[in-house]
Amino acid sequence: EPEVTQTPSHQVTQMGQEVILRCVPISNHLYFYWYRQILGQKVEFLVSFYNNEISEKSEIFDDQFSVERPDGSNFTLKIRSTKLEDSAMYFCASISPGGANEQFFGPGTRLTVL
Amino acid sequence: GEDVEQSLFLSVREGDSSVINCTYTDSSSTYLYWYKQEPGAGLQLLTYIFSNMDMKQDQRLTVLLNKKDKHLSLRIADTQTGDSAIYFCAERSNAGNMLTFGGGTRLMVKP
């Protein structure tokens, strides 16, 4: 069964460094998402992406964040200058075309900012 | 903003039924979802219900929706130790495709 994949599974970085989190959505999906889950808190929406542009974003998704679909398969989340409070699990998701808009999630990347 | 709430913890014995409850505030919710998260893993979509339905059954899972009270529940019949996980309720509003999640209910199944 096709699935969303994410790399790396765990990223450790120093405060102020740039990180890029990578996702490969399911191949025929059209909408892509990033969510994050700070330890002990709710899963929070960051951004959605459709037709090569951002369609929705939350207040969390400020100028430090950007998303890109550099080729036909990868979907990336870049954090330009990481802060301690960016430490979280970051989940990528994609939606199947039509139907009930089931969002399928990847396994997540745990980002630790030191 | 919209809010989704769940109780934190539920403990049941193997073979019993589990009922996990969720309340939400968004009256324009279109779909409501249940996800399962096992330790160290991602969010696995278990089932979903469209807002104009009041019940959906899928094998051992039964979803009940009371739209008037904005209350959603997930019943797991014959709960097994492998069902031990965190269960997240989520809603999708009419305004967009993003999901708003509850805080998750940790289900512990005792043998």
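This section reports on the structure supplied with the text.

**What about the overall build of chain B?**
Link 1 in the chain: Tallying secondary structure elements over chain B gives 0 helices and 11 strands in all.
Link 2 in the chain: Moving toward the C terminus, one meets the helices and strands of chain B in the order β-β-β-β-β-β-β-β-β-β-β.
Link 3 in the chain: Computed over C-alpha atoms, the radius of gyration of chain B comes to 13 Å, within 12% of the 13 Å expected from 2.2 N^0.38 for 111 residues, which places it in the range of a compact globule.
Link 4 in the chain: A buried classification covers 48% of the 111 residues belonging to chain B.
Link 5 in the chain: Look at the contacts in chain B between residues 6 or more apart in sequence, and 55% of them connect residues 24 or more apart.
Link 6 in the chain: Roughly 5300 Å² of accessible area belongs to chain B as shown, and the carbon and sulfur atoms make up 48% of that amount.

**Observations regarding the interface of chain A and chain B**
Link 1 in the chain: Residue-level contacts link 19 residues of chain A with 22 residues of chain B.
Link 2 in the chain: Contact between chain A and chain B buries roughly 1600 Å² in total, counting both sides, with carbon and sulfur atoms accounting for 55%.
Link 3 in the chain: Across the salt bridge formed by K42 of chain A and D3 of chain B, the nearest N and O atoms sit 3.0 Å from each other.
Link 4 in the chain: Looking at the side of chain A that touches chain B residue by residue, the class counts come to 11 nonpolar, 5 polar and 3 charged.

**As for the nonpolar core**
Link 1 in the chain: Formed by 22 residues in total, the largest nonpolar core has its most connected members in W34, L46, F61, V67, F75, L77 and Y90 of chain A.
Link 2 in the chain: Those elements that provide at least two residues to this core are strand 3 (19-24), strand 4 (31-37), strand 5 (43-50), strand 7 (65-68), strand 8 (75-79), strand 9 (88-95) and strand 11 (109-113) of chain A.
Link 3 in the chain: Not counting residues up to four positions away in its chain, the partners in contact with F75 of chain A are L21, R22, C23, P25, F32, Y33, W34, F49, V67, E68 and C92 of chain A.
Link 4 in the chain: Formed by 20 residues, the second largest nonpolar core is a distinct cluster that contains Y24, W34, L74 and I76 of chain B.

**Digging into the sheet that holds strand 8 of chain A**
All names here are of chain A.
Link 1 in the chain: What the 4 strands build is an open sheet, ordered 1-3-8-7; its pairing is antiparallel. Since the sheet does not close on itself, it has two edges, and those belong to strand 1 (5-7) and strand 7, each with one partner. Here the strands of the sheet are splayed against their neighbours by 20° on average, with no regard to which way each runs.

**Points about the pairing of strand 8 (residues 71-76) of chain B**
All names here are of chain B.
Link 1 in the chain: Judged from the 6 bridges that link them, strand 3 (residues 18-24) and strand 8 form a sheet pairing that is antiparallel. Note on strand 8: the bridge partner recorded for I20 is L74.
Link 2 in the chain: Looking at chain direction, strand 7 (residues 61-66) and strand 8 are connected through 6 bridges and run antiparallel. Paired with L65 across the strands is L72, a residue of strand 8.
Link 3 in the chain: Joining the antiparallel neighbours strand 7 and strand 8 is a turn of 4 residues, in which K70 adopts a positive phi near 55°.

**Considerations on the sheet that holds strand 1 (residues 4-6) of chain B**
All names here are of chain B.
Link 1 in the chain: Strand order in the open sheet made by the 5 strands is 1-3-8-7-6, with antiparallel pairing throughout. Both outer strands of the open sheet, strand 1 and strand 6 (55-58), are each paired with one neighbouring strand and no more. Strand-to-strand twist of the sheet, defined as the mean angle between neighbouring strand axes without regard to direction, takes the value 15°.
Link 2 in the chain: Two strands pair when backbone bridges link them, and strand 1 and strand 3 are joined in this way by 3 bridges, in the antiparallel orientation. Bridged to E5 within strand 3 is T23.

**Quick notes on the environment of P111 of chain B**
All names here are of chain B.
Link 1 in the chain: Structurally, P111 can be placed in the segment after strand 11 (105-110).
Link 2 in the chain: Separated by 39 residues in sequence, P111 and L72 place their C-alpha atoms 27 Å apart.
Link 3 in the chain: Setting aside anything within four residues of it in sequence, one finds P111 in contact with R13 and E14.

Cut-offs used in this document
- Residues numbered from 1 in each chain as written.
- Chains lettered and ligands numbered in written order.
- Predicted model: local features only at pLDDT ≥ 70, side-chain atom pairs only at ≥ 80, totals over all residues.
- Heavy atoms only, no water.
- Helix = DSSP H or I, 4+ residues; strand = E, 2+ residues; numbered from the N terminus.
- Rg over C-alpha atoms; globule rule 2.2 N^0.38 Å.
- Buried < 20%, exposed > 50% of the residue type's maximum accessible area, 1.4 Å probe, protein only.
- Contact = heavy atoms within 4.5 Å.
- Areas by Shrake-Rupley, 256 points an atom, 1.4 Å probe, with all protein chains shown as cover.
- Buried area = accessible area lost by both parts, 1.4 Å probe.
- Salt bridge = Lys/Arg side-chain N within 4 Å of Asp/Glu carboxyl O.
- Nonpolar A, V, L, I, M, F, W, Y, C, P; charged D, E, K, R; others polar.
- Core = buried A, V, L, I, M, F, W, Y, C linked by side-chain atoms within 4.5 Å.
- Pairing = 2+ DSSP bridges.
- Axes fitted to C-alpha atoms, helices over the stretch in contact; angles between N-to-C directions.

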